[in-house]
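# Descriptive analysis of the structure
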Amino acid sequence: MRSITASILTFFALLSLPCICMPEDRVFHANVLEVVSGDTIRLKRSDSGEVITAKLSGIDCPKKGQSHFIKARLFTSLRVSGREVMVQTETRSKTDEMPAAIIWYIDAGRKKSLNSELLEAGLGRWSVPCDMADVRLGDAENEAKKFRRGLWAEPGLAPPPGFGTVDR
């Protein structure tokens, strides 16, 4: 019984960790209203009711008309559509319309990063470095490449022009 209680307390402590480390306005809960694409989601903030569109930070998923677009969108939809998620926004330039975000959700009692999961599945590329989780995102993409998942399944695959704009 003690180990179960300790596990539950540890889980909730880890779940609240980003809230402790980040300013309150950059971490909030929201309901997912619509999955626009694999890396773009419309959300309704739980605290204010404001509807926002957020782009997943640090990754670039295929655009409409590109190979794997439907798979990436479906992957995202199956994980978070209609669910409450924790949103951790990151710094963006004043010219960007959408906030960049890391989306956290609970699955089978575990907190998961949608950003990392998309890369591990090979349904996106690590793109512009983000404030948080840079190394983890790179590791997730490398794992997908190693095991030839998603975009990386075809030998000699060259992503379409404009897909993943940062050279590493």
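What this report covers is the structure whose coordinates are included nearby.

About the criteria used
Residues numbered from 1 in each chain as written. Predicted model: local features only at pLDDT ≥ 70, side-chain atom pairs only at ≥ 80, totals over all residues. Heavy atoms only, no water. Salt bridge = Lys/Arg side-chain N within 4 Å of Asp/Glu carboxyl O. Helix = DSSP H or I, 4+ residues; strand = E, 2+ residues; numbered from the N terminus. Buried < 20%, exposed > 50% of the residue type's maximum accessible area, 1.4 Å probe, protein only. Contact = heavy atoms within 4.5 Å. Pairing = 2+ DSSP bridges. Core = buried A, V, L, I, M, F, W, Y, C linked by side-chain atoms within 4.5 Å.

### Looking at the pattern of salt bridges
If charged atoms from side chains of opposite charge come close, those side chains can pair. With the rule as written, the count across this model stands at ten salt bridges. Note that Arg79 is salt-bridged to Glu117, the shortest N-O span being 3.3 Å. Residue Arg79 is located in helix H2 (residues 69–80), and its partner Glu117 is located in helix H3 (residues 114–120); the two are separated by 38 residues in the primary sequence. Judged by its relative accessible area of 25%, Arg79 falls in the partly exposed class. Because the salt bridges share partners, they merge into one network encompassing Asp39, Lys55, Asp60 and Lys63.

### A few points about the side chain of Ser116
Looking at the element boundaries, Ser116 is found in helix H3. On the basis of relative accessibility, which here comes to 12%, the residue Ser116 falls in the buried class. If we skip the residues at most four places from it in the chain, Ser116 touches Leu137 and Ala140.

### What to know about the pairing of strand S7 (residues 110–113)
Every regular strand shows the same layout, with side chains that alternate between the two sheet faces. Examined bridge by bridge, strand S6 (residues 100–107) and S7 share four bridges and lie antiparallel to one another. Counterpart to Ile106 in the pairing with S7 is Lys111. Turn length for the S6-S7 hairpin, with the two strands adjacent in sequence and antiparallel, is two residues, and the turn residue Ala108 shows positive phi of about 50°.

### Some details on the nonpolar core
Soluble globular proteins: nonpolar side chains tend toward being buried together. The biggest cluster of nonpolar side chains holds 26 residues, and the ones touching the most others in it are Ile41, Leu43, Val85, Val87, Ile103, Leu114 and Leu118. Counting only elements with at least two residues in this core, the list comes to strand S1 (27–37), strand S2 (40–45), strand S3 (51–56), H2, strand S5 (84–90), S6, H3 and helix H4 (134–146). Of all the elements, S1 adds the most residues to this core, at four residues. Other than its neighbours up to four places away in sequence, Val87 contacts Arg26, Val27, Phe28, Ala30, Leu43, Ala101, Ile102 and Ile103.

### A closer look at the environment of Leu56
Assignment of secondary structure puts Leu56 in strand S3. Leu56 gets classed as buried once you look at its relative accessible area, which sits at 2%. Distance in space between the C-alpha atoms of Leu56 and Asn115 is 6.3 Å, their sequence separation being 59 residues. When residues no more than four places from it in sequence are discounted, the contact partners of Leu56 are Gly38, Asp39, Ile41, Ala101, Ile103, Leu114, Asn115 and Leu118.

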